[in-house]
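A structural walkthrough
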Amino acid sequence: MQSSVTKGLLHVGVIMDGNGRWATGRGLPRLAGHRQGAKAVRRTVEAAPDLGISILTLFAFSADNWLRPAPEVEGLMDLFEEFLSRERRELIDKGVRVEIIGRRDRLRPHIVNRIERLELETAEGTALCLRLAVDYSARWAITQAATTLSRMASPDPLLFREQLQRVQHSSPQVPDLDLLIRTSGEQRLSDFLLWESAYAELYFTDTLWPDFDAPDLARAVDVFRRRDRRFGRLQAIREMAS
Ligand code: FPP
């Protein structure tokens, strides 16, 4: 799959980690860290277009996060719901197309309604495509797509990617990830965009997500732009012919 980097525009994914440590380090409840994390989401969305990022996929809630204590799960869902309504006007005005990827069958029905409404209202946005991964598991999506494919009368492996995008509620034209950032010093993928990260450049920073800001994002993109991407070839691919 060709990367959006060919047009100089990037698909960047972020595993936003460290909210809990940010809060406990200050003697605050973990939810205070998530709340601060939502502010970092806003800063990152604002900074992304000027850095040449056309698609930003943020890991907001993993399928495994349901296993956290109920008050934290509820708090995260409240925050997400709040985000969908509080940021709505600004996202529309700034031309940000919003897409929520992941399962929807386990979300509160009115959250699903808000998601559907916001996706419709922002569908024409061209400044940035903001994808929030909620109740997301790459393994789940891959398994679902493979199952759907295997049920087809004449399974065509070329359709796999299309199925994968469909089961995770992603628009079909979204390209692979160019750069994957994880904050808070942890260095793992945690079931995030496993298929789409096949040739992603990985960038880890010790900064806790609530402290992450525009200069941090700029630093990550700068490091990325100085990397050689060979995609299995011998020479770096800077401008791939389409
Ligand atoms: C991981 O940090 C972060 C999460 C599980 C939730 C991410 C949520 C936000 C950034 C805020 C809400 C987002 C939106 C879109 C409104 P952690 O809790 O695992 O931190 P820890 O490893 O320090 O405990």
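Before reading further, recall that the structure is shown in the block above.
Please read all numbers here as calculations on a predicted model, not as lab measurements. (Residues numbered from 1 in each chain as written. Predicted model: local features only at pLDDT ≥ 70, side-chain atom pairs only at ≥ 80, totals over all residues. Heavy atoms only, no water.)

**A short note on the overall build of the protein chain**
We apply this condition: Only DSSP runs of H or I reaching four residues or more are called helices, and only runs of E reaching two or more are called strands; each is numbered from the N terminus. As a reference, a globule follows 2.2 Å times the number of residues to the power 0.38, and the radius of gyration itself is taken over C-alpha atoms. Only protein chains enter the accessibility calculation, which uses a 1.4 Å probe. A residue is then buried if its area is under 20% of the maximum for its type, exposed if over 50%, and partly exposed in between. Here, two residues are considered to be in contact whenever any of their heavy atoms come within 4.5 Å of each other. Only the protein chains shown count as cover for residues, and all accessible areas are computed by the Shrake-Rupley method using a 1.4 Å probe. A positive count includes Lys and Arg, and a negative count includes Asp and Glu. His and the chain ends are not counted in either. The atom standing in for a charge is NZ when the residue is Lys, CZ when it is Arg, CG when it is Asp and CD when it is Glu.
From N to C terminus, the protein chain includes eight helices and six strands. Going from the N terminus to the C terminus, the protein chain shows its helices and strands as β-α-α-β-α-α-β-α-β-α-α-β-β-α. Relative to its length of 242 residues, the protein chain is compact, with a C-alpha radius of gyration of 18 Å against a globular reference of 18 Å. Projecting the C-alpha coordinates of the protein chain onto the three principal axes gives extents of approximately 50 × 45 × 35 Å. A total of 242 residues make up the protein chain; the buried ones form 51% of that total. The contacts in the protein chain between residues at least 6 apart in sequence include a share of 73% that link residues at least 24 apart. For the protein chain, the computed accessible surface area is about 12000 Å², with 52% contributed by carbon and sulfur atoms. Charged side chains of the protein chain number 35 positive and 34 negative; the gap between the two group centres comes to 1 Å.

**Let's talk about the pattern of salt bridges**
Selection rule: By convention in these notes, a salt bridge is any Lys or Arg side-chain nitrogen within 4 Å of a carboxyl oxygen on Asp or Glu.
Here the structure, examined in full by the defined rule, presents 32 salt bridges. The salt bridge involving Glu99 is made with Arg97; its shortest N-O contact spans 3.2 Å. Each of the two residues, Glu99 as well as Arg97, counts as buried. Among the salt bridges present, the one from Arg131 reaches Glu99, with a minimum N-O distance of 3.4 Å. With a gap of 32 residues between them, Arg131 in strand β4 (residues 128–136) and Glu99 in strand β3 (residues 96–101) connect regions that are remote in the sequence. Like Glu99, Arg131 is buried. Here the salt bridges do not stand alone but share partners, grouping Arg35, Arg42, Glu46, Glu82, Arg86, Glu87, Glu90 and Lys94 into one network.

**A word on the nonpolar core**
We apply this condition: The definition of a nonpolar core used throughout is a set of buried Ala, Val, Leu, Ile, Met, Phe, Trp, Tyr and Cys residues joined through side-chain atoms within 4.5 Å.
Ile53, Leu56, Leu130 and Ile181 are the most contacted members of the largest nonpolar core, which totals 41 residues. With six residues, helix α3 (residues 70–86) is the largest single contributor of residues to this core. Those residues in contact with Ile181, other than ones at most four positions away along the chain, are Val12, Gly13, Val14, Ile15, Tyr203, Phe212, Leu217 and Ala220. By size, the runner-up hydrophobic cluster in this structure holds 11 residues, among which are Ile101, Tyr136, Phe192 and Leu193.

**Details of the environment of Gln36**
Position of Gln36 relative to the elements: it lies in helix α2 (residues 30–47). Expressed as a C-alpha distance, the spacing of Gln36 and Arg26, which sit 10 residues apart in the sequence, is 12 Å. Among all residues touching Gln36, those that are not within four sequence positions of it are Trp22 and Pro210.

**Regarding helix α5 (residues 109–121)**
As a reminder, the rule being used: A helix is expected to span 1.5 Å for every residue after the first. Note that the arc is computed from the directions linking the helix axis to the C-beta atoms.
If you check α5, its first and last C-alpha atoms are 18 Å apart, about what 13 residues at 1.5 Å a residue would give, namely 18 Å. Restricting attention to buried positions, one finds in α5 the residues Ile111, Val112, Ile115, Leu118 and Glu119. Each buried residue of α5 sits inside an arc of 130° when the element is viewed along its axis, so together they form one side. Exposed positions of α5 whose direction lies more than 90 degrees from the buried face are Pro109 and Leu120. Elements in contact with the buried residues of α5: α3, α4 (88–93) and β3.

**Examining the pairing of β4**
Test applied: Whether two strands pair depends on DSSP finding at least two bridges between them.
The element β4 is extensively covered by neighbouring structure, given that nine of its nine residues are classed as buried. Strand direction decides the pairing type here: strand β2 (residues 53–62) and β4, joined by seven bridges, are parallel. The residue of β4 that forms the bridge with Thr57 is Arg131. Looking at chain direction, β3 and β4 are connected through six bridges and run parallel. Across the sheet, Val98 pairs through a bridge with Leu130, a residue of β4.

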